[in-house]
Amino acid sequence: LQATLVTKRNLVLVCKQWQHMAMRYLYCYLFIRTVSDLLALQRTLRTYATEGSSFAGTQSPGQWARRLDITWNFFDDFMFEDLDSCVESLADVIKYLPKLEIFSFATSSSIGSEPVSMPLSVLDALRRSANSLRILDWSGDDLFPQLHQLEELLRDLPNLHVLRCSQLVWADGIIPSSILSSLTTLTVEGLVLRDGHPGEGSLPEACVSLREFILSDGDDDLMQQFIIRYGKYLTTVTCYDSQRPYRWITKDLGLLHTSCPNLSHLILFLDHLVLREPYPPVEWSIPRVEFLGVKLGALAYYDLFRFLAYLRNEVPTLRVFKLLSPLNVQQLLRCSFGVSIEGIVEKLNKNPFRVEDDEGNLLSGGCGVSSRAFAYLHPSIQIDSCDERKP
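Everything numeric here is computed off the predicted structure, so don't read it as measured data.

## A word on the overall build of the chain
- Each helix and strand in the chain was counted, giving 13 helices and 15 strands.
- A buried classification covers 47% of the 391 residues belonging to the chain.
- Taking all contacts inside the chain whose residues are at least 6 apart in sequence as the whole, residues at least 24 apart take part in 73%.
- Surface summary for the chain: the accessible area is close to 19100 Å², and the carbon and sulfur share equals 50%.

## With respect to the layout of surface pockets
- Volume-wise, the second largest pocket comes out at about 260 Å³.
- Forming the boundary of the second largest pocket are 17 residues, of which R164, T187, V188, I214 and Y240 lie nearest the centre.
- For the lining of the second largest pocket, the elements supplying multiple residues, two or more each, are β4 (135–138), β5 (162–170), β6 (185–193) and β7 (212–215).

## So, the nonpolar core
- Counting residues in hydrophobic clusters, the biggest one holds 99 residues, and the most contacted among them are F103, W138, L168, F226, L292, L311 and F321.
- No other element matches the 7 residues that helix α10 (residues 301–314) contributes to this core.
- With sequence-adjacent residues up to four places away left out, L292 is seen in contact with L266, L268, F307, L311, L318, V320, F321 and K322.

## Topic: the pairing of strand β8 (residues 236–240)
- In terms of burial, β8 is a largely internal element, 4 of the 5 residues being buried.
- Judged from the 4 bridges that link them, β7 and β8 form a sheet pairing that is parallel. Each residue of the ladder has a partner; that of I214, found in β8, is T238.

## Some thoughts on the packing of aromatic side chains
- A full pass over the atoms with the stated rule returns 7 aromatic pairs.
- Consider the rings of F226 and Y230, whose centres lie 5.1 Å apart with planes at 45°: the pair is tilted. Of this pair, F226 and Y230 both sit in helix α8 (residues 220–230), separated by 4 residues, roughly a single helical turn.
- Residue classification places F226 among the buried positions, given a relative accessible area of 0%.
- Assessed through its relative accessible area of 4%, Y230 is described here as buried.

## Brief notes about the side chain of T236
- In this fold, T236 is placed in strand β8.
- Filtering out sequence-adjacent residues up to four positions away, T236 remains in contact with R211, E212, F213, L263 and H265.

## Some remarks on the side chain of N351
- Examined against the element boundaries, N351 turns out to sit in the loop between α12 (341–348) and β12 (354–356).
- Note on N351: relative accessible area 4%, which makes it buried.
- A distance of 2.6 Å separates the side chain of N351 from the side chain of R312, its partner in a polar contact.

## What about the pairing of β4?
- Inspection of the sheet shows strand β3 (residues 102–107) paired to β4 by 4 bridges, in the parallel sense. Bridging across to β4, I102 finds its partner in I135.
- As defined by bridge partners, β4 adjoins β5 across 4 bridges and the pair is classed as parallel. Among the inter-strand pairings, I135 is bridged to a residue of β5, identified as V162.

## Quick look at the pattern of salt bridges
- By the definition in use, this model includes 10 salt bridges.
- A salt bridge links R127 to D124, with the nearest nitrogen and oxygen atoms 2.9 Å apart.
- A residue is classified by how much of its surface remains accessible, and R127, at 24% relative accessible area, is partly exposed.
- Between D156 and R127 there is a salt bridge whose closest N-O contact spans 2.7 Å. Of this pair, D156 sits in the loop between α6 (147–155) and β5 while R127 sits in the loop between α5 (120–126) and β4, and the two are 29 residues apart along the sequence.
- Through salt bridges with shared partners, one network takes in R66, E101 and R134.

Analysis parameters
Residues numbered from 1 in each chain as written. Predicted model: local features only at pLDDT ≥ 70, side-chain atom pairs only at ≥ 80, totals over all residues. Heavy atoms only, no water. Helix = DSSP H or I, 4+ residues; strand = E, 2+ residues; numbered from the N terminus. Buried < 20%, exposed > 50% of the residue type's maximum accessible area, 1.4 Å probe, protein only. Contact = heavy atoms within 4.5 Å. Areas by Shrake-Rupley, 256 points an atom, 1.4 Å probe, with all protein chains shown as cover. 1 Å grid on protein atoms, 1.4 Å probe; cavity = no way out; pocket = protein on both sides within 12 Å on 5 of 7 lines; lining within 4 Å. Points joined across faces, edges and corners; volume = space filled by probe spheres on them. Core = buried A, V, L, I, M, F, W, Y, C linked by side-chain atoms within 4.5 Å. Pairing = 2+ DSSP bridges. Phe/Tyr/Trp six-rings, centres within 6.5 Å; stacked < 30°, edge-to-face > 60°. Polar contact = N/O pair within 3.5 Å; in protein donor to acceptor, adjacent residues only side chain to side chain. Salt bridge = Lys/Arg side-chain N within 4 Å of Asp/Glu carboxyl O.

Read these as layout, nothing more, since geometry by itself doesn't imply function.
Laid out in structure tokens, this is it:
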């Protein structure tokens, strides 16, 4: 993506006419990595707002901006000595972007020992794009809005579809209804119970748009309450929980099975598959999904194939099992477990569902071996994207 931006910049430097023609494409996606980037963008937007352009009828480039990504590193940027001024410059820039659809803010390092809240001026600036804002990604704890201010902002975003944040209010057993009326995808690290929150009552089922839930380590009880409350709407769940892999393989998956009748896609990010004896554990109850993606910190050959055997026998609805990590795929196909690649392929082909690598290439199922697995078997034969074998 950055290489594309460099190419666009080089093209518009050819002459002013090219710059005028390419303006809408150059400013469609704005990527700010340093305060210097921020201040340069601020000067440009202010210049167009006050002085205009040498081309008659030229609009401010902020009119073309649809996405703003900010990835600040507080240790690398010496200009963060005046943080308040930098944040106010950010608010000023956002005010010039009235048709913003995607706002992403992330910090790659911490400001200090205590998190710093985002000033209200930035939230007020985002309200100017309230009708167009579809995706709000606020990763990390530093410069994260205070919870009540975030809740008030979300009330003013009627077309927000995707929300990613570290915390969200959990009031009287529900997410505030004003948030769920348009939201389809929610990523949250933790739910926070706000004492004294008045609540809003529950939305009618037809008004809840939530379909995808992505969760990380958080308060177990509140997360379980969320699944019980909203599981019936969910079709996709992603779980990041490397610290308690056995917990997810047992108790929490059982909760998804009982509370999410419409679940079709399940994605698990685990440190490893811990399969205890007796096998399979009596408490197992994996949801009847069509797609199961797994990323493991460490792949154990025998545990993986016992898991696949369990899926084959107990999850008849499964159509695709995908290894999401390139490292897991390499570990599997490099015969590092004392098993030949032919033996691995033979075991994979016993499954009625597809087994895919991280790129979606077929490792087994139906039509036999494909893609990377065949390349390991026959390194002298090239394979094209259609999986045809060529000498």
